[in-house]
Amino acid sequence: KTILESFVNEIQNDSNYYIIYSGYKCPSKIPKNVKWVFSPLSGFIACLFNLFLSGFYFYFYRAHYLLSFNNYNCVFIPSSCKVTYFHQIKANDQLNFEPKIIFLRLYLYIFDDLYIVQNNYVKNVLITIFDVNFQNIIVIWPGIQKKCSINSNYSYSKPFILVVVTDFHSQHKNLSF
């Protein structure tokens, strides 16, 4: 939740328009360039939404980019249109055989997204264990700051980003309400 709040705070004065699908209820005050859609999903349904249905909304809204804060992104849109915030270091644990973690490992091996990570340790894990291209990894901590704006510093020129956030009830996300 903190990452999403930081993100919304940072984008409030830029020229892009954002549509946020989130399991969090819409805050009482959101910027004019944000449309907030409450989408209370969790578990397996949230995974399906991220992998498949978010692609429908990406094309429906004619978005230029899909930013996911859920470690993985939609499989039906080109990697050049995806930014994936990766924070699930449990994927590095080779002894962890949870289906979600096994899936996450597979996703990392297959898709060549642009990844945002919280620190250089996670970046090195993605490079050494999952063979992610180092040029596809950006270190930004915590959240996204204006000085590290995706749009201005990483050659994204089109003014539309769709943001998908779901499955916020998972204990490993360290969220307290």
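What counts and how
- Every residue gets a number counted from 1 within its own chain, in the order that chain's sequence is written.
- Given that the model is predicted, a residue must reach a pLDDT of at least 70 before its local features are reported, and side-chain atom pairs must reach 80 or more before they are shown or counted; all residues, however, enter totals for whole chains, interfaces and linings.
- Computation of side-chain values: all heavy atoms of the structure, hydrogens and water removed.
- The way it works is that DSSP assigns letters per residue, a run of H or I at least four long becomes a helix, a run of E at least two long becomes a strand, and they are numbered from the N terminus.
- The rule is simple: take the accessible area with a 1.4 Å probe, protein chains only, and divide by the maximum for that residue type; under 20% is buried, over 50% is exposed, in between is partly exposed.
- It only takes one pair of heavy atoms within 4.5 Å for two residues to be counted as in contact.
- Reported accessibility uses the Shrake-Rupley method at a 1.4 Å probe radius. Residues are deemed covered only where the shown protein chains occlude them.
- Expected span of a helix, by definition, is 1.5 Å for each gap between consecutive residues, and there is one gap fewer than residues.
- The arc in question is formed by the directions pointing from the helix axis toward the C-beta atoms.
- Throughout this description, a polar contact denotes any pair of N or O atoms lying within 3.5 Å of each other; where both atoms belong to protein, one of them has to be capable of donating a hydrogen while the other can accept it, and for residues adjacent in sequence the pair is counted only when both atoms sit in side chains.
- Classification of ring pairs uses Phe, Tyr and Trp, with its six-membered ring standing for Trp, and accepts pairs whose centres are within 6.5 Å; under 30 degrees between planes counts as stacked, over 60 as edge-to-face, and the remaining range as tilted.
- Strand pairing follows a simple DSSP-based rule, namely that at least 2 bridges must link the two strands.
- Buried residues of nine kinds, namely Ala, Val, Leu, Ile, Met, Phe, Trp, Tyr and Cys, make up a nonpolar core once their side-chain atoms join them within 4.5 Å.

Overview of the overall build of the protein
Across its full length, the protein carries five helices and seven strands. Reading the protein from its N end, one meets helices and strands in the order α-β-β-α-β-β-α-β-α-β-α-β. Within the span of the protein, comprising 177 residues, buried residues form 50% of the whole. Taking all contacts inside the protein whose residues are at least 6 apart in sequence as the whole, residues at least 24 apart take part in 51%. Summed over its atoms, the accessible surface of the protein is roughly 9,400 Å², and 58% of this surface lies on carbon and sulfur atoms.

A closer look at helix H3 (residues 99–110)
Relative to the 16 Å expected for 12 residues at 1.5 Å per residue, H3 spans 17 Å between its end C-alpha atoms, a close match to the ideal helical length. Ile101, Leu104, Arg105, Tyr107 and Leu108 are the residues of H3 that are buried. Mapping the buried residues of H3 onto a view down its axis gives an arc of 160 degrees, with all of them on the same face. Along H3, the residues that are exposed and aim more than 90 degrees away from the buried face are Pro99, Tyr109 and Ile110. Contacts made by the buried residues of H3 are with helix H2 (43–60), strand S4 (82–85), strand S5 (114–117) and helix H4 (120–128).

Description of the environment of Asn50
Tracing the chain through its elements places Asn50 in helix H2. For Asn50, a relative accessible area of 2% puts it in the buried group. Placed 19 residues apart in sequence, Asn50 and Phe69 show a C-alpha to C-alpha distance of 9.9 Å. In this structure the side chain of Asn50 is engaged in a polar contact, spanning 3.4 Å, whose partner is the side chain of Asn70.

What about the packing of aromatic side chains?
Overall, the coordinates contain 14 aromatic pairs when judged by the stated rule. Ring centres of Tyr21 and Phe49 lie 5.9 Å apart, and the angle between their planes is 40 degrees; on these two criteria the pair is classed as tilted. You can see Tyr21 sitting in strand S1 (residues 17–22) and its partner Phe49 sitting in helix H2, a full 28 residues away along the chain. We note that Tyr21, like Phe49, is buried. Members of the aromatic cluster, each reached through a chain of ring pairs, are Tyr21, Phe49, Phe56, Tyr57, Phe60 and Tyr61.

Here we look at the pairing of S1
Summarising burial for S1: five of the six residues are buried, a large majority. In terms of strand pairing, S1 meets strand S2 (residues 34–38) through five bridges, oriented parallel. Bridging across to S2, Ile20 finds its partner in Trp36.

Section: the nonpolar core
Leu4, Phe7, Ile20, Val34, Trp36 and Phe69 are the most contacted members of the largest nonpolar core, which totals 17 residues. Sorting the residues of this core by element identifies helix H1 (2–11), S1, S2, S4 and S5 as the ones contributing at least two each. Here this core gets four residues from one element, more than from any other, and that element is H1. Judged by nonpolar contacts, the second largest core, of 15 residues, contains Leu104, Tyr107, Val125 and Val132.

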